[in-house]
Structure formats: structure tokens, C-alpha cells
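Observations on chain architecture
Okay, here's what each chain looks like letter by letter:
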Amino acid sequence: DRIERVIEQLPPDQRDVFLLRVLGDLSIAQTAAVLDKSYEAVKALQRRGAAALVRRLSAEGVPK
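Residues numbered from 1 in each chain as written. Predicted model: local features only at pLDDT ≥ 70, side-chain atom pairs only at ≥ 80, totals over all residues. Heavy atoms only, no water.

Now for the side chain of Gln14. Residue placement: Gln14 occurs in helix H2 (residues 12-23). Of the residues examined, Gln14 reaches a relative accessible area of 11% and is grouped as buried. Non-local contacts of Gln14, meaning those with residues more than four positions away in its chain, are made with Leu45, Arg48, Gly49 and Ala52. (Helix = DSSP H or I, 4+ residues; strand = E, 2+ residues; numbered from the N terminus. Buried < 20%, exposed > 50% of the residue type's maximum accessible area, 1.4 Å probe, protein only. Contact = heavy atoms within 4.5 Å.)

Further remarks concern the environment of Ala50. Structurally, Ala50 can be placed in helix H4 (residues 39-59). For the pair Ala50 and Phe18, spaced 32 residues apart in sequence, the C-alpha separation works out to 7.9 Å.

Okay, a nonpolar patch on the surface next. Where nonpolar side chains cluster on the molecular surface, the patch consists of Leu19, Val22 and Leu23 and spans about 280 Å² of accessible area. Overall, the relative accessible area of 49% leaves Val22 in the partly exposed class. (Patch = residues over 30% accessible without salt bridge, like charges linked within 9 Å, V, L, I, M, F, W, Y side chains within 5 Å. Areas by Shrake-Rupley, 256 points an atom, 1.4 Å probe, with all protein chains shown as cover. Salt bridge = Lys/Arg side-chain N within 4 Å of Asp/Glu carboxyl O.)

Let us look at the environment of Gln46. With respect to the helices and strands, Gln46 occurs in helix H4. Given the relative accessible area of 30%, Gln46 is considered partly exposed. Residues Gln46 and Gln9, spaced 37 residues apart in sequence, show a C-alpha to C-alpha distance of 14 Å. Excluding residues that lie within four positions of it along the chain, Gln46 makes contacts with Val17, Arg21 and Ile28.

With that settled, consider the nonpolar core. One broad trend across soluble globular proteins is that nonpolar side chains are buried collectively. By size, the foremost hydrophobic cluster in this structure holds six residues: Val6, Ile7, Leu10, Ala52, Leu53 and Leu57. For this core, the secondary-structure elements that each account for two or more residues are helix H1 (2-8) and H4. Ranked by residues supplied to this core, first place goes to H4 with three residues. For Leu10, the residues in contact, after removing those within four places along its chain, are Arg15, Gly49, Ala52, Leu53 and Arg56. (Core = buried A, V, L, I, M, F, W, Y, C linked by side-chain atoms within 4.5 Å.)

Considering all chains together, one arrives at two salt bridges under this definition. For Glu40, the salt bridge goes to Lys43, with nearest N and O atoms at 3.8 Å. In this pair, Glu40 and Lys43 both sit in helix H4, three residues apart, roughly one turn of the helix.

Set out below in C-alpha cells:
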């Protein structure tokens, strides 16, 4: 439940990338095609989304 709540707090673009990459097991190139974004944009969204998840989970007391 905590993970779902934290993921829902991500901006839509970051959330979409996270869900497609992690849960959908898509490559960066596949995710870029699905979202009609560049390869580099997907990498940046994934990086920012992962950092936001770490910050939020750390704030809730979950160790890195």
C-alpha cells in the first residue's frame, strides 16, 4: 500500500515511465515508443522519478 501511495504522488510522466519500465518490464526504447517521447526524455524521467521515490520512502523511514 505504501509503495502504491508513493507512486501515485509522482508526476504523471514519471509515474508512466516507472510503471512501464518496472511493472511492464519494457526497455527504455519501448517505453519511449509507447509514450511518444525520446529515449533521452525517458531516461531523464526515470532518473527523476527514482530519485523522488527514494526521497519519499526515506522520509517515511524506509532505509535505502
